Amino acid sequence: MKYVFSAQAMAEIPSETVICFAEQFDKIADKTLVEIDGATAGAVATLLKAKEFTGRAGEAVTLYRPSGFRCRRVVLLGLGDRKKKTADSYRKAMGTASRMTSIMSSGSAAVYFGTQRSESVYQAAVEGYLLGAFRILDYKTGENKRAKHRLNELQFVLAGKANLRRLEKSVRRGAIIAEGQMLARELTLTPSNLLTPELYADKVERLAKENKIQCRVLDQKAIEREKMGAFLSVARGSEAPPRFIVLQYKGGPAGQKPIVLVGKGVTFDSGGISLKPSLDMHEMKQDMAGSAVVVATVITASRLRINRNIVGLAPTAENLPSGHATRPGDIIKSRKGKTVEIINTDAEGRLLLADALDYANKFTPQAVIDIATLTGATKFILGYAGAPILGNNEKLADQIREASKATSERVWELPIWDDFRDQMKSSIADLTNSGGKVAGTAAAAAFLENFIGDWPWAHIDIAYVDLEPKGTPYVPKGATGFGVRLLTELLARWRKV
Ligand code: BES
Ligand code: MN
Ligand code: ZN
């Protein structure tokens, strides 16, 4: 996509299509609306009277041949109630716009911002457009493979020159962040036959090279040398050997302790010997979403030149049943030395995270954040609407909440109480990997807590927000890439914890 920036009057914009925003209205007072109404022989008034367009969220209309305008059509997008309006209202409006035939078939389009001054609005608008238009055609053939979008130039227009540079900066930043989120989506929806741990690691190595990020991949032997017994116990049942991916982006001064991101990378989770029911099992190709978010966030941070040292860790393995698989009742030894009784081989994510969290100590981190599709129980906590977060540091949780507010990737904190710690004790080993389904999300975090070092830590459970079941304005059905905007924002505004 090519981006162009200018200051000009709406009527002078040379693009084929001009996109404008409208807050909910009951009379035509807004300057932009007055101008469009005037150029269309009162079309806006007619739409208002018929309640066909009143600026409600989700509304969008196309008006043709505005007289005295250089464009061929104007698209009006509703933002909803002025009092409830946020940057996300623009993200949503542009997401809706991205799939309108009138925009998809345009050769060029312009977003008219008038006197809008908010950088987060500029950024959200381009994010919404790119995220809403996201579609993977790689697995289609022939006619089905043809892209519907013709649009390859997006112009951003202000009424005056004063904020042009801020506009350009914010749009470029938004585009990089949306591209990062789309990379996470793309990795996440790649089927498990095309994304074994080996293929995944190869792909990440290539991406790292392209972005000049340091990447090291530990193979089976190296993982054994690290004594990652918990991680290895997950990989045993599969023919595909595990890989442990280490990304290092050094954007900060040499002495600065890194922020370590850890992502669950189970390329397929059948449940292992504790086999899952088959009904939705195909969705378990997404069980590496956390690692995809980590990979995409490190790349995005480097593209934005965020001035922090960042490490990304992605333990990747496939959880399958076989004659080699770990059995329920088996006891394994983690990298840290703690023993775990495997009650349920489907509680595998915490096992590979346990060893990855312990491995994080190598980098003497200033903080560690893990992100994982860890527990099905999140379905009954926040569902598809937001992600539970847990951890050991309120300052870190506060920062995550701030980043969440700014990006509209919603989180809510759950506690780690002794009740949940007790749940994870085993009668025969140090720990059990499953304390049952009661308080499953918090109990899983209580398990992970056993493997952290002396640093602030947060855990983000994205088990349901990683997948959009129906499609929303800027999140088409499928993998969401939830976490890339959140973590990138967190890193960009990072304060010492
Ligand atoms: N990957 C799943 C969690 C999951 C389930 C994500 C459904 C998305 C949708 C995880 O490995 C798992 O199976 N967790 C079990 C743990 C239980 C056996 C203690 C769960 O949540 O049921
Ligand atoms: Mn599982
Ligand atoms: Zn899993």
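The following paragraphs examine the structure supplied in this document. (Residues numbered from 1 in each chain as written. Chains lettered and ligands numbered in written order. Predicted model: local features only at pLDDT ≥ 70, side-chain atom pairs only at ≥ 80, totals over all residues. Heavy atoms only, no water.)

The next thing to look at is the nonpolar core. Ile-369 and Ile-460 are the most contacted members of the largest nonpolar core, which has 51 residues in total. In terms of residue count, helix α10 (residues 289-303) provides more of this core than any other element does, nine residues in total. Excluding anything up to four places from it in sequence, Ile-369 contacts Ile-259, Val-260, Leu-261, Val-262, Leu-396, Ala-458, Ile-460, Leu-487, Leu-490 and Trp-494. In this structure, Ala-235, Phe-244, Ile-332 and Ile-342 belong to the second largest nonpolar core, which totals 49 residues. (Core = buried A, V, L, I, M, F, W, Y, C linked by side-chain atoms within 4.5 Å. Buried < 20%, exposed > 50% of the residue type's maximum accessible area, 1.4 Å probe, protein only. Helix = DSSP H or I, 4+ residues; strand = E, 2+ residues; numbered from the N terminus. Contact = heavy atoms within 4.5 Å.)

The subject of this paragraph is the coordination of the zinc ion (ligand 3). Note on the zinc ion (ligand 3): its protein donors are Lys-264 (NZ), Asp-269 (OD), Asp-287 (OD) and Glu-348 (OE). The metal-donor distances range over 2.0 to 2.4 Å. Around the zinc ion (ligand 3) sit six donor atoms; with metal-centred angles ranging over 78 to 174 degrees, the donor geometry is octahedral. Read N to C, the donor residues that coordinate the zinc ion (ligand 3) are spaced as K-x4-D-x17-D-x60-E. The distance between the zinc ion (ligand 3) and the manganese ion (ligand 2) comes to 3.1 Å, with Asp-269 serving as a donor to both metals. Taken together, the residues Asp-269 in strand β10 (residues 265-269) and Glu-348 in the loop between β13 (339-341) and α11 (349-360) connect sequence positions 79 residues apart. (Donors = N, O, S within 2.8 Å, 3.2 Å for Na, K, Ca; no water. Tetrahedral: all angles 85-135°; square planar, octahedral: opposite > 155°, others 65-115°.)

Attention shifts here to the pairing of strand β3 (residues 60-64). Side chains Val-61 and Leu-63 project from β3 onto a buried face, and the interleaved Ala-60, Thr-62 and Tyr-64 project onto a face without burial. Note that β3 and strand β4 (residues 73-80) share five bridges and pair antiparallel. By the bridge assignment, Tyr-64 is partnered in β4 with Arg-73. (Pairing = 2+ DSSP bridges.)

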